[in-house]
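Structural characterization, general
Listed here are the chains, written in short residue letters.
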Amino acid sequence: MCELLGMSANVPTDICFSFTGFLHRGGGTGPHRDGWGIAFYEEGGYRDFRDPHPSMGSPIARLICEYPIKSHVVISHIRQANVGQVRLANTHPFTREMWGRQWCYAHNGQLSDWQTLPLTFYRPVGDTDSEHAFCFLLGELRRRFSEPPASPEKMWQCLHELCERLRGLGVFNLLLSDGRYLYAYCSTKLAHITRRAPFGKAKLSDAEMSVNFAEHTTPNDIVSVLATEPLTDNERWVRMMTGELLVWRDGEIQARLMG
């Protein structure tokens, strides 16, 4: 299975600490050697980096660790291929435009009968179940809402229903964002932690690295990190429940929808 990493913050924040531990799972402490990617939303823009090689030895991954890109929302993925070849076109995260925004998506799991999911507006570039499911998911949202709904709760409910449908085909853990909200849906494994004042020290589980967040934050900062498995071994992470959809904005949970 692949692994996911996400962040939602109320101030532009770099993810260097969490990403350092995460990339070690891509061929170091974990078997996820089939590519990796990371996407940043910053100052109204979007950029991503993807590489079909293991993150542990990737020069691009080292650049990300040493280049503190500050963002409100981040989505990252390390791949252990099940469906589709190991190539750039099959490397997460995937992105498409909808409602004038860049939507970014990463999936952990494996689906059966995914080829039967009807596609409307969007088509895959690669040949994975993950990207096909993304095209289905975004296409259904676009079909039901030609414009962003005035009440976002209606869209959230629709997204949850679609995620539940996809969970019926297998394992479907998801991170999705339009740059404003970060959506996290749990089929089997997702955990999260919110850091706020008073900030303390954190120690990575997968690398010899620790940080005192009090030295790098202000009392008003709120930063939430999500991962398939907790990234630190001295903090309390909260594990999501099966069928749970969390909607995050500025580091805080805005809505919780249950299966």
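Overview of the structure. Predicted model, so just to flag it, every value in this text is computed and none were measured.

**A few points about the pairing of strand β5 (residues 94–98)**
Alternating positions in β5 separate cleanly, Phe 94, Arg 96 and Met 98 being buried on one face and Thr 95 and Glu 97 remaining unburied on the opposite face. Between β5 and strand β6 (residues 101–108), which pair antiparallel and follow one another directly, the connecting turn spans two residues, one of which, Trp 99, has a positive phi of 60°.

**Topic: the packing of helix α3 (residues 129–144) against helix α4 (residues 152–167)**
One way to put it is that α3 packs onto α4 with a least axis distance of 11 Å and a crossing angle of 145°. For the crossing formed where α3 meets α4, the hand is right-handed. In contact with Ala 133, Phe 136, Leu 137, Glu 140, Leu 141 and Arg 144 of α3, α4 contributes Met 155, Cys 158, Leu 159, Glu 161, Leu 162, Arg 165 and Leu 166. A per-class count over the contact of α3 with α4 returns nine nonpolar, no polar and four charged.

**Re the packing of aromatic side chains**
Following the criterion strictly, the structure yields 12 aromatic pairs and no others. Ring centres of Tyr 105 and Phe 134 lie 4.5 Å apart, and the angle between their planes is 10°; on these two criteria the pair is classed as stacked. Taken together, the residues span a long stretch of sequence, with Tyr 105 in strand β6 and Phe 134 in helix α3 at a distance of 29 residues. Residue classification places Tyr 105 among the buried residues on the basis of a relative accessible area of 0%. For Phe 134, a relative accessible area of 0% puts it in the buried group. Considering the side-chain rings of Phe 172 and Tyr 185, the 6.3 Å spacing of their centres and the 45° angle between planes classify their relative orientation as tilted. With Phe 172 in the loop between α4 and β7 (173–177) and Tyr 185 in strand β8 (residues 182–186), the pair connects residues that are 13 residues apart, well separated along the chain. In terms of burial, Phe 172 and Tyr 185 fall into one category: buried.

**Overview of helix α1 (residues 16–23)**
Within α1, eight of the eight residues are buried, which leaves it mostly tucked inside the rest of the structure. Turning to α1, its buried residues number three or more, namely Cys 16, Phe 17, Ser 18, Phe 19, Thr 20, Gly 21, Phe 22 and Leu 23.

**Here we look at the pattern of salt bridges**
This model, assessed by the stated rule, comprises 14 salt bridges. Its salt-bridge partner being Asp 14, residue Lys 70 comes within 3.8 Å of it at the nearest N-O pair. Within this pair, whereas Lys 70 is found in the loop between α2 (59–66) and β4 (71–78), its partner Asp 14 is found in the loop between β1 (3–13) and α1, the two being separated by 56 residues in sequence. For Asp 14, a relative accessible area of 26% puts it in the partly exposed group. Note that Arg 143 is salt-bridged to Glu 140, the shortest N-O span being 2.7 Å. Of the two residues, Arg 143 and Glu 140 are both situated in helix α3; the distance of three residues between them amounts to about one turn of the helix.

Conventions used here
Residues numbered from 1 in each chain as written. Predicted model: local features only at pLDDT ≥ 70, side-chain atom pairs only at ≥ 80, totals over all residues. Heavy atoms only, no water. Buried < 20%, exposed > 50% of the residue type's maximum accessible area, 1.4 Å probe, protein only. Helix = DSSP H or I, 4+ residues; strand = E, 2+ residues; numbered from the N terminus. Pairing = 2+ DSSP bridges. Axes fitted to C-alpha atoms, helices over the stretch in contact; angles between N-to-C directions. Left-handed = near helix turned anticlockwise from the far one by under 90°. Contact = heavy atoms within 4.5 Å. Nonpolar A, V, L, I, M, F, W, Y, C, P; charged D, E, K, R; others polar. Phe/Tyr/Trp six-rings, centres within 6.5 Å; stacked < 30°, edge-to-face > 60°. Salt bridge = Lys/Arg side-chain N within 4 Å of Asp/Glu carboxyl O.

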